[in-house]
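Chain by chain, the residues run as shown.
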Amino acid sequence: MKFTSGNFLYLLTIAFSLTGLSFTNVQVASSNKEFDEIIDAWHHAAATGDSVGFFSRMTEDALYLGTDETERWTRTTMGKDLGKFFNGKKAWHFIAYNRIYTALDDKNTILFDESLKTWMGPCKSTGMMRKVKGKWLISYYNLNVAVSNAVVQNYLKLLKEEEILKD
């Protein structure tokens, strides 16, 4: 291939694009006290049935995806559908570990993922926090049951045949 000024410009464009991409998401320290306190308090509020403590840590337009494929709630619909579980007793209890944060360029959005010990066994979640009026709030949370590769074949036996993609 002959090296031309067109090839040079093409390579230069790719180089600048890749450089830009590398700074799009900036890894934050895997343990950030401020963010940990917010998410831990949110989990604690669910564990103690504290509806004010739970829902006040979410943005007004927050979205929560549960483990069942039908579970998709806004903060408002979650309060209506699950409010009965927040009665001063345990709604659910998750213990988080291995939490990692990623800051976005806008400085007002943080992505996080965490592993959880739960009554369902190990779970993983991804979430997003946004700064609203100077306060960090949870705006998105997606909870998934984590099935270990070592037991996935046994797990598949529990599913209906039509739920499994066959190659």
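A short tour of the structure in this document, coming up. Since this is a predicted model, take the numbers as computed values, not measurements. (Residues numbered from 1 in each chain as written. Predicted model: local features only at pLDDT ≥ 70, side-chain atom pairs only at ≥ 80, totals over all residues. Heavy atoms only, no water.)

## Concerning a negative patch on the surface
Part 1: A contiguous patch of negative charge on the surface is contributed by Asp68, Glu69, Glu162 and Glu163.
Part 2: Here Glu69 lies in the loop between strand 2 (58-65) and strand 3 (72-74).
Part 3: For Glu69, a relative accessible area of 78% translates into the label exposed. (Patch = residues over 30% accessible without salt bridge, like charges linked within 9 Å, V, L, I, M, F, W, Y side chains within 5 Å. Areas by Shrake-Rupley, 256 points an atom, 1.4 Å probe, with all protein chains shown as cover. Salt bridge = Lys/Arg side-chain N within 4 Å of Asp/Glu carboxyl O. Lys, Arg positive; Asp, Glu negative; His and termini not counted. Charge placed at Lys NZ, Arg CZ, Asp CG, Glu CD. Helix = DSSP H or I, 4+ residues; strand = E, 2+ residues; numbered from the N terminus. Buried < 20%, exposed > 50% of the residue type's maximum accessible area, 1.4 Å probe, protein only.)

## Quick look at unusual backbone geometry
Part 1: Positive phi is not limited to glycine here, since Asn98 has a value of about 55 degrees.
Part 2: The partly exposed category is assigned to Asn98, whose relative accessible area is 49%.
Part 3: Here the phi dihedral of Lys107 falls at roughly 65 degrees; this positive angle occurs in a residue that is not glycine.
Part 4: Its place among the elements puts Lys107 in the loop between strand 4 (95-104) and strand 5 (109-118).
Part 5: Judged by relative accessible area, Lys107 falls into the exposed class, the value being 65%.

## Considerations on the pattern of salt bridges
Part 1: The full count for this structure, using the stated rule, is five salt bridges.
Part 2: Linking Asp36 and Arg99 is a salt bridge whose minimum nitrogen-to-oxygen distance equals 3.1 Å. Taken together, the residues span a long stretch of sequence, with Asp36 in helix 2 (residues 33-48) and Arg99 in strand 4 at a distance of 63 residues. You'll find Asp36 and Arg99 in the same group, each marked buried.
Part 3: Here Glu114 and Arg99 are joined by a salt bridge, their closest N and O atoms 2.7 Å apart. Placement of Glu114 in strand 5 and of Arg99 in strand 4 is noted, with a sequence separation of 15 residues between them. Across the pair, Arg99 and Glu114 agree in class, each one buried.
Part 4: Among the ionic contacts, a cluster of salt bridges with common partners joins Asp36, Asp40, Arg99 and Glu114.

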